[in-house]
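Spelled out, the chains give:
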Amino acid sequence: MECSSHHFDAIVVGAGIMGSSTAYQLAKRGQKTLLLEQFDFLHHRGSSHGESRTIRATYPEDYYCDMVMESLQIWEQAQSEVGYKVYFKAQQFDMSPSDNKSLRSVISSCEKNSIPYRVLDRQQVSDRFSGMISIPEDWFGVLTDVGGVIKPTKAVSMFQALAFQRGAVLRDNMEVKNVVKDEVKGGVNVETANGEKFWGKKCVITAGAWARKLVKTVGGLELPIQALETTVCYWRIKEGKEAKFAIGSDFPTFASYGEPYVYGTPSLEFPGLIKIAVHGGYPCDPDRRPWGLGTSLDSLKEWIQGRFSGLVDDGGPVNTQSCMYSMTPDEDFVIDFLGGEFGKDVVIGGGFSGHGFKMAPVVGRVLADLVLSGEAKGVELKYFRIRRFQENPRGNVKDYEDQVNSFSNQNSANSWGQIKSWAIGNCALIHSFELTMAGE
């Protein structure tokens, strides 16, 4: 007799923010859902932990704006359902040298998507933020009302709690070793390291930095997704100025385009400290991480000294946290069917490239749509298909600078350029796999 407790409509592999959001969406729609996590729930070994993530609609790529705006609605809805806040509103301020193509593309994207914005010169920036932010004479800034901070660990917990309330089964410390097509009754069998097996009509792989390894095991496809280890830094605000930088004041979430690409949030998680970090990291194996800074902070210290007029101590961070990005060559997501022998029975969500957390609600909605109907509305999935790497090994073509800085150190011989070359080398494998895609 088959055990009904091991049979599901959908099995989600990976319980970070994307998997937890997907499980919530599936359970909410009445699907018998299983959410599996290889480590403890809410662990700190991947990309979904910590105390803050920026939310913004200011993207050079205009196809992200609608995704952010829909996500804002779902963030608000989910936190009203659970009864506590994970999203704290603020304005978003982006700055760059005047010749930076990325920020100029942000303006075009705002116009195309009807996102209100203001362009500020050096004096206007000083006036708007009461001298707290200073930019060079040949820089400019873009200010929008769509910004804020998400509490990541709390947000993951929220989606897991809501999924559980709607009947989802949650199992942690369940490493998935393989997903195998069930030739007898259809669907898939999910095999775990401890010997347990689960059957599902459909399977969603949201394994973060481990997605590349798992997808290769399951389908023989080497996705061009590279894990980067990144370090989040917290800096001390000068005594007496703490309230001016706090969430709820006039201080915004922010990003600075160029070299280095810097981002930060108002003071929220640690009293008297402000999060300011370089958007980047160095390549790593998620199972053999160096767990260290890995890069010099000199350029970041210089940036802080130039931007905050001595109001933030630039001597060095007083607290650091380690995290991982899952990078694609074009820094765009992978949202697609695995295809091959699995057809549309296995869906992949990965490669969120250090900027996907804010869009987890809409990603979960889209992945659930693909599970249930094989299509998703409201999102231009052509930018996230696996086949784009067949057409161009570097993925989507963009006429502006890379957003993420990638470094090499003694623990990693790879550079971002080498990673992109590696992606080109794997183009043939992706091409041969694409030829077998069901329905294509």
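As the structure is a computational prediction, the values presented were derived from the model and not from experiment.

Engineer: How should the confidence of the model for the protein chain be read in this particular structure?
Structural biologist: A low pLDDT means the predicted coordinates there should not be read in detail. Per-chain confidence: the protein chain averages 92 in pLDDT, with 90% of residues scoring 70 or above. Segment residues 408–416 is flagged for pLDDT under 50; beyond a separation of four residues in sequence, or across chains, it makes 15 contacts in the model. Segment residues 427–440: pLDDT under 50, and 28 contacts once partners within four positions in sequence are set aside and those in other chains are kept.

Engineer: Which parts of the structure should I look at to understand helix H5 (residues 152–165)?
Structural biologist: Because an α-helix packs 3.6 residues into every turn, residues spaced three or four apart end up facing the same way. The end-to-end C-alpha separation of H5 is 20 Å, in line with the 20 Å expected for 14 residues at 1.5 Å each. Trailing H5 by a residue or two, Gly167 shows a phi angle of about 100°, which is positive.

Engineer: Would you explain the packing of aromatic side chains in this entry?
Structural biologist: Given two aromatic rings, their pairing is described by the distance between the two centres and the angle made by the two planes. On inspection of all chains with the given rule, the structure shows 23 aromatic pairs. Members of the aromatic cluster, joined through ring pairs, are Tyr59, Tyr63, Tyr64, Phe333, Phe352, Tyr383 and Phe384. A cation over a ring is seen here: Lys32 above Phe8, with NZ or CZ 5.2 Å from the ring centre. The lysine or arginine in question, Arg56, covers the ring of Tyr59, its NZ or CZ lying 4.2 Å from the ring centre.

Engineer: What is the right way to look at unusual backbone geometry in this model?
Structural biologist: Negative phi values dominate among residues other than glycine, just as trans dominates among peptide bonds. For the peptide bond that leads from Glu259 to Pro260, omega is 0°, which places it in the cis range. Within the fold, Pro260 resides in the loop between strand S12 (253–256) and strand S13 (262–265). The phi angle at Trp291 is positive, at roughly 55°, despite the residue not being glycine. Among the structural elements, Trp291 can be located in the loop between strand S15 (280–283) and helix H7 (298–307). One non-glycine residue with positive phi stands out, namely Ser353, at about 55°. Looking at the element boundaries, Ser353 is found in the loop between strand S18 (346–350) and helix H8 (360–373).

Engineer: Teacher, can you tell me more about the environment of Thr206 here?
Structural biologist: Looking at the secondary structure, you find Thr206 in the loop between strand S10 (197–205) and helix H6 (211–219). Expressed as a C-alpha distance, the spacing of Thr206 and Val13, which sit 193 residues apart in the sequence, is 5.8 Å. If sequence neighbours within four positions are ignored, Thr206 has contacts with Val12, Val13, Gly14, Met18, Gly19, Gly349 and Leu367. Here the side chain of Thr206 touches Gly14 through a polar contact of 3.0 Å, landing on its backbone oxygen.

Engineer: Would you mind showing me how to read the pattern of salt bridges here?
Structural biologist: Pairing is possible between side chains that carry opposite charge, provided their charged atoms lie close to one another. Taken as a whole and assessed by the stated rule, the structure comprises 26 salt bridges. In this structure, Lys112 and Asp62 form a salt bridge, with 3.1 Å as the shortest nitrogen-oxygen distance. A residue pair is termed long-range when its members are at least 10 positions apart, and Lys112 in helix H3 (residues 101–112) and Asp62 in the loop between strand S3 (53–56) and helix H2 (65–82) qualify at 50 residues. Looking at Lys112, the relative accessible area reads 59%, which means it is exposed. Asp62 gets classed as partly exposed once you look at its relative accessible area, which sits at 23%. With a shortest N-O distance of 2.9 Å, Arg385 and Asp336 are connected by a salt bridge. Here Arg385, found in the loop between H8 and helix H9 (388–391), pairs with Asp336, found in strand S17 (residues 334–337); they are 49 residues apart in sequence, far enough to count as distant. What you see here is one network of salt bridges that share partners, running through Arg29, Glu70, Arg365 and Asp369.

Parameters and conventions
Residues numbered from 1 in each chain as written. Predicted model: local features only at pLDDT ≥ 70, side-chain atom pairs only at ≥ 80, totals over all residues. Heavy atoms only, no water. pLDDT = per-residue confidence, 0-100. Contact = heavy atoms within 4.5 Å. Helix = DSSP H or I, 4+ residues; strand = E, 2+ residues; numbered from the N terminus. Expected span 1.5 Å × (residues − 1). Phe/Tyr/Trp six-rings, centres within 6.5 Å; stacked < 30°, edge-to-face > 60°. Lys NZ or Arg CZ within 6 Å of the ring centre and 35° of its normal. Polar contact = N/O pair within 3.5 Å; in protein donor to acceptor, adjacent residues only side chain to side chain. Salt bridge = Lys/Arg side-chain N within 4 Å of Asp/Glu carboxyl O. Buried < 20%, exposed > 50% of the residue type's maximum accessible area, 1.4 Å probe, protein only.

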